[in-house]
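Residue-level structure breakdown
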Amino acid sequence: MPFLCGVKKKGAKNVDLLRMTKYDVSVVLTDLTARVTLYQKFKNDAAAPIEGEFVFPDEEFGTVCDYSVTIGERTFSGQVMEEDKAYAVATREVDDADDGAGDDDLERCSLGHLPSKAKIRTQVQYVTELEEEDGEIFFELPHMKNINKDCKFTLDIQARVNSTIKTIESATHNILVQKESPTEAKIVMQKTPYSSERDLIISITQSDPFCNRFWVERDLPFSTLASCAVLYPDFPRLFPGLVEEHEKCELIFVVDDSLNVKDEYRLQDEKSTMVAFMEALPKKCIFNVLFFGDEFTHVFEKSAAATEEHVSAATKRITSMEGGRGPANLLKPLEWVFRQSTVPTYPRQVIVLAGGQVTNLKSVVEIVKGVA
């Protein structure tokens, strides 16, 4: 799928970018995420000055977290804001625009006066989630629209996964892989010129893609830490035979329907995940689904058998979720779940899908500790 990012004359067609003289891509792959930085250089070949603008994709390819444009001594930089404030500013600017800037899927930054022969440097950084299928990881770099053949191109990818790397391959381009450790590798483009007509796709396989892991990331400007834990419960060891279809179990899903998932993409991801859970329910299990925001609701008064009728009813409720039901109060649904009596011979598993920060976090941790 083509990718449009660069400098153009204001009011010109989106594909009419200024001539790109250099295009460098730096990627850091960590587990199932990628941080992609695009460095570009453009030149205004026009004999006269133009009014320029910088365009880059909306959230289709990922979430843009930083960008800057430098023209001579002037630098334009993006600003990180709270989501609601950023949305209000973007909406106001689109409403004030008179050139149809809000009619496509591009973000725009007006650059003002670009002198003839001016050289422009741009930097865009976005984060995205990688595709995964049967333990194989796929990274995709969309091909750039309107890239000229004499543009210099470099690609540098630092990959880090959680277990020993088995293979790193590309079915679309010639790449060179340099292993730096059992779990880390550097990927660069071979001498073959980059094809601007097809997406770059790289696949990575590893020895144990489903092992538990814990990542910590430091935000250097603010000296803060962020962490991510990825856990794959070992059901066969914890509950021998549980994964077999004839065994019994109780599955309770507690699903975020709060302001955390008011974004269309997050809401759709959550719906898709829950529909997949419904389709994979063991035939002899009992189950229930709870939705939480500032208050919570449940599909059944008590856990019900996974009959076609009950699964259909739960799926209908899941697909009708709209998100935005106030703050994420996870404590109330968990209290309700833990008050319900367990059913003999049906070991209970509570699965929480949260789209972000929850309220009463300390109380949530304490109540979970109490039943662990």
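Residues numbered from 1 in each chain as written. Predicted model: local features only at pLDDT ≥ 70, side-chain atom pairs only at ≥ 80, totals over all residues. Heavy atoms only, no water.

Further remarks concern the overall build of the chain. The helix and strand inventory of the chain stands at six helices and 22 strands. Buried positions account for 39% of the 372 residues belonging to the chain. Taking the contacts inside the chain whose residues are at least 6 apart along the sequence as the reference set, 73% of them involve residues at least 24 apart. By element, 51% of the accessible surface of the chain is carried by carbon and sulfur atoms, the whole surface being about 21400 Å². (Helix = DSSP H or I, 4+ residues; strand = E, 2+ residues; numbered from the N terminus. Buried < 20%, exposed > 50% of the residue type's maximum accessible area, 1.4 Å probe, protein only. Contact = heavy atoms within 4.5 Å. Areas by Shrake-Rupley, 256 points an atom, 1.4 Å probe, with all protein chains shown as cover.)

Right, let's get into the packing of aromatic side chains. Inspection of every chain in the model, using the stated rule, returns five aromatic pairs. On the basis of an interplanar angle of 45° and a centroid distance of 5.9 Å, the ring pair of phenylalanine 54 and tyrosine 67 is categorised as tilted. Of this pair, phenylalanine 54 sits in strand S4 (residues 50–57) while tyrosine 67 sits in strand S5 (residues 63–71), placing them 13 residues apart in sequence. Residues phenylalanine 54 and tyrosine 67 agree in their burial class; the two are buried. (Phe/Tyr/Trp six-rings, centres within 6.5 Å; stacked < 30°, edge-to-face > 60°.)

Moving on, we come to the sheet that holds strand S10 (residues 136–141). Backbone-to-backbone hydrogen bonds pair the strands of a sheet. The strands run either parallel or antiparallel. Read across the sheet, four strands follow the order S9-S10-S15-S12 without closing on themselves; strand pairing throughout is antiparallel. Each edge of the open sheet is held by one strand with a lone partner, namely strand S9 (131–133) and strand S12 (165–169). Neighbour-to-neighbour, the strand axes of the sheet open up by a mean angle of 20°, direction not taken into account. Summarising the sheet, S9 and S10 pair through three bridges and their orientation is antiparallel. Within S10, the residue paired with glutamate 132 across the bridge is isoleucine 137. (Pairing = 2+ DSSP bridges. Axes fitted to C-alpha atoms, helices over the stretch in contact; angles between N-to-C directions.)

Here we take up the pattern of salt bridges. Counted by the stated rule, this structure contains eight salt bridges. The shortest N-O distance in the salt bridge between aspartate 45 and arginine 19 comes to 2.7 Å. In this pair, aspartate 45 is assigned in the loop between strand S3 (33–43) and S4 and arginine 19 in strand S2 (residues 19–30), connecting sequence segments 26 residues apart. Under the relative-accessibility criterion, aspartate 45 is labelled partly exposed at 36%. Its relative accessible area of 31% is what places arginine 19 among the partly exposed residues. (Salt bridge = Lys/Arg side-chain N within 4 Å of Asp/Glu carboxyl O.)

On to a negative patch on the surface, then. A cluster of acidic residues, Glu129, Glu131, Glu140 and Asp269, forms a negative patch at the surface. Looking at where glutamate 131 falls in the secondary structure, it is placed in strand S9. (Patch = residues over 30% accessible without salt bridge, like charges linked within 9 Å, V, L, I, M, F, W, Y side chains within 5 Å. Lys, Arg positive; Asp, Glu negative; His and termini not counted. Charge placed at Lys NZ, Arg CZ, Asp CG, Glu CD.)

Examined bridge by bridge, S5 and strand S8 (residues 119–129) share eight bridges and lie antiparallel to one another. In the sheet register, threonine 63 faces S8, and the bridge partner there is valine 127. Sheet topology places S5 next to strand S6 (residues 74–77); four bridges connect them, and they run antiparallel. Counted as the bridge partner of threonine 70 is threonine 75 from S6. Adjacent in sequence and paired antiparallel, S5 and S6 are bridged by two residues, among which glycine 72 carries a positive phi angle near 65°.

Counting buried residues in strand S19 (residues 286–292) gives seven out of seven residues, a clear majority hidden from the surface. Both faces of S19 are covered, namely the face carrying Ile286, Asn288, Leu290 and Phe292 and the face carrying Phe287, Val289 and Phe291. Relative to S19, strand S18 (residues 250–256) is paired through seven bridges, and the arrangement is parallel. Across the sheet, residue valine 255 finds its bridge partner in S19, namely phenylalanine 291.

Take the environment of tyrosine 23 next. Residue placement: tyrosine 23 occurs in strand S2. Look at tyrosine 23 and you get buried, because its relative accessible area is 0%.

As a further point, take the confidence of the model for the chain. Averaged over every residue, the pLDDT of the chain is 83; the share at 70 or more is 83%. Low confidence marks residues 94–103, where pLDDT is under 50. Its contacts with residues over four positions away, or in another chain, come to five contacts. (pLDDT = per-residue confidence, 0-100.)

There is a patch of nonpolar side chains on the surface, built from Phe214, Val216 and Leu225 and spanning about 330 Å² of accessible area. Along the chain, the position of phenylalanine 214 falls in strand S16 (residues 213–219). Residue classification places phenylalanine 214 among the exposed positions, given a relative accessible area of 54%.

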